[in-house]
Amino acid sequence: MVFKQRFLHIGVVVISALVLSSPVRAETTTQLAAPTTNCRVADTKQINGAYRFSDGAVVSIRPSEPNGQRRITHFESGKSHKLFPASEVRFQSGSDLDSETPVAFLYQFNLGKDGLAESLTIEATGTGKRIAKKIKLAEELVTFKSGDTELFGKLTLPSKNKGSFKTAIFVHGSDKVASVDQEWLPHLFAANGIATFVFDKRGSGCSKGEYVQHFDVLSNDVTAAVTWLKTKPQVKKDSIGLVGFSQGGWVAPLAALKEPSIKFAAIGYGLTMSMADEDRLPLRATSLDPYRLSVRSVAVRVVPLC
């Protein structure tokens, strides 16, 4: 079977990154870990989600660690910061990926009459305050079967959720991450009119089964997700594709070979070389480089099996 190249093109608004000139007022932080509900991170005030500024820029708020600590990702600049809580609705962060100090940003989630987050105010040095309104994305939590294994997933639809949509399935990397809660891709895609389906990799998050690195098994899980999506009226049956990063860059094309209804595969990091060549990379700078070893330099010991 010949695999045809199919690509996903997504337009994302890019604006200048925030420029810092002096530190903002810091608050005393408290170590708040969002409580877990069985296999999921609780979000009682519905803070997690996508927010849009008046200029169209979108940010994602989501837990990025098992203890529920949140992270903000700015899609217009690609910058991301870990959020350190000062209260249930106030947070702060430094200017880099994971630091809290020196404090560069203050965050305030504004609640509606129902007690749920409806907007986000960000205060940054030199730029004043910016307010982003929460994007109302429709989400459906589901379970589906891959063989005898029950997997847990989430379908996220754009805010204008009438009709049917092109849909991208997120294909996991090798990490044991609960993607349903921690993946930012649904916020980026749904904010740009594309539905997204993510599911917890088998043996992780709320999915059952054994955690494996077996590409054939993992690609079967992806095709099972396609089968489930084709039952949904909100999904265009002829516009389902895959987005795979790292290990997902190998698994996604394999799934596409198995399932003809997959119309595109967007790959990040995978397929630049064979799996065998990638496994050899750590050895290239050592005396164990398989391309430099000679027969005389290898000592072989034969051990009887009985």
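Every value quoted in this text rests on a predicted model; they were computed, and no experiment measured them.

Reading the values: rules and limits
Each residue is numbered by its place in its chain's sequence as written, counting from 1. In keeping with the predicted nature of the model, local features appear solely for residues at pLDDT of at least 70, side-chain atom pairs appear and are counted solely at 80 or more, and the whole-chain, interface and lining totals rest on all residues. Excluding hydrogens and water, the side-chain values take into account all heavy atoms of the structure. Counting from the N terminus, the helices are DSSP H or I runs at least four residues long and the strands are E runs at least two residues long. Relative accessible area decides the class of each residue, using a 1.4 Å probe on protein chains only: under 20% of the type maximum gives buried, over 50% gives exposed, and in between gives partly exposed. In what follows, a contact means two residues having at least one pair of non-hydrogen atoms within 4.5 Å. For accessible areas, the Shrake-Rupley method is used with a probe of radius 1.4 Å. Any residue's cover is judged against the shown protein chains and nothing else. Pairs of strands are assigned from DSSP output, requiring at least two bridges between the strands. Sulfur atoms of two cysteines make up a disulfide when they are within 2.5 Å. Think of a 1 Å grid over just the protein atoms. A cavity is a set of points where a 1.4 Å probe fits yet cannot get out, a pocket is an open set with protein on both sides within 12 Å along at least five of seven lines, and lining residues have an atom within 4 Å of a point. Grid points are joined across faces, edges and corners, and a volume is the space filled by probe spheres set on the points. Only Asp, Glu, Lys and Arg are considered charged, only Ala, Val, Leu, Ile, Met, Phe, Trp, Tyr, Cys and Pro nonpolar, and every remaining residue, Gly among them, polar. For every element, the axis is a line fit to its C-alpha atoms; helices are fit only across the contacting stretch, and the angle between N-to-C directions ranges from 0 to 180 degrees. pLDDT: the predictor's confidence for each residue, scored from 0 to 100.

1. Points about the overall build of the chain
From N to C terminus, the chain includes five helices and 17 strands. Counting only residues that meet the buried cut, the chain has 47% of its 306 residues in that class. Sequence separation of 24 or more characterises 56% of the internal contacts of the chain that already satisfy a separation of 6 or more. Taken as a whole, the chain presents about 16300 Å² of accessible surface, with 54% of it coming from carbon and sulfur.

2. Overview of the environment of Thr125
Within the fold, Thr125 resides in the loop between strand 10 (117-124) and strand 11 (128-134). Taking relative accessible area as the criterion, Thr125 reaches 6% and is therefore assigned buried. Spatially, the C-alpha atom of Thr125 lies 9.4 Å from that of Leu106, the residues being 19 residues apart in sequence.

3. Regarding the pairing of strand 9 (residues 105-111)
Sheet analysis places strand 8 (residues 90-93) next to strand 9, joined by four bridges and oriented antiparallel. Across the sheet, the residue bridging to Ser93 is Phe105, located in strand 9. Of the pairings in the sheet, the one linking strand 9 to strand 10 comprises seven bridges and is antiparallel in character. Considered in strand 10, the bridge of Asn110 is made with Ser119. The antiparallel pairing of strand 9 with strand 10 creates a hairpin that spans five residues between the two strands, and Gly115 there sits at a positive phi of about 80 degrees.

4. Quick look at the state of the cysteines
Summed over the entire model, instances satisfying the criterion amount to one disulfide. The disulfide that involves Cys39 links it to Cys206, with 1.8 Å between the sulfurs. Taking the torsion about the S-S bond as the criterion, the Cys39 to Cys206 disulfide, at about 100 degrees, is right-handed. Remark: Cys206 occurs in the loop between strand 15 (195-199) and helix 3 (215-229) and Cys39 occurs in the loop between strand 1 (36-37) and strand 2 (40-41); sequence separation between them is 167 residues. What makes Cys39 partly exposed here is its relative accessible area of 37%. Classification of Cys206 by relative accessible area gives buried; the value is 12%.

5. Quick notes on the environment of Asn220
Residue position: Asn220 is located in helix 3. Exposure remark for Asn220: the relative accessible area of 32% places this residue in the partly exposed category. Residues Asn220 and Val251, spaced 31 residues apart in sequence, show a C-alpha to C-alpha distance of 9.3 Å. Non-local contacts of Asn220, meaning those with residues more than four positions away in its chain, are made with Ser146 and Lys258.

6. Details of empty space enclosed by the protein
Applying the stated criterion to the full structure yields one cavity of 30 Å³ or more. Val171, His172, Phe199, Lys201, Leu218, Asp221, Val222, Gln247 and Val251 are the residues that line the largest cavity. Residue contributions to the lining of the largest cavity peak at three residues, all from helix 3. Class assignment for the residues of the lining of the largest cavity results in five nonpolar, two polar and two charged.

7. With respect to the sheet that holds strand 13 (residues 149-157)
With respect to topology, six strands assemble into an open sheet ordered 12-13-15-14-16-17, the strand pairing being mixed. The sheet is open, and its two borders are formed by strand 12 (138-146) and strand 17 (262-268), each paired with just one other strand. When strand polarity is set aside, the average angle formed by the axes of neighbouring strands in this sheet is 25 degrees. Here helix 4 (residues 248-258) sits on the sheet in contact with strand 14 (165-171), strand 16 (235-245) and strand 17, set at roughly 150 degrees to strand 16.

8. Topic: the confidence of the model for the chain
Per-residue pLDDT for the chain has a mean of 82; in total, 77% of the residues score no lower than 70. Per-residue pLDDT stays below 50 along residues 1-36; that stretch engages in 85 contacts with residues further than four places along the chain or on separate chains. Ignoring residues within four places in sequence, the model shows residues 293-306, a span with pLDDT below 50, making two contacts including any to other chains.

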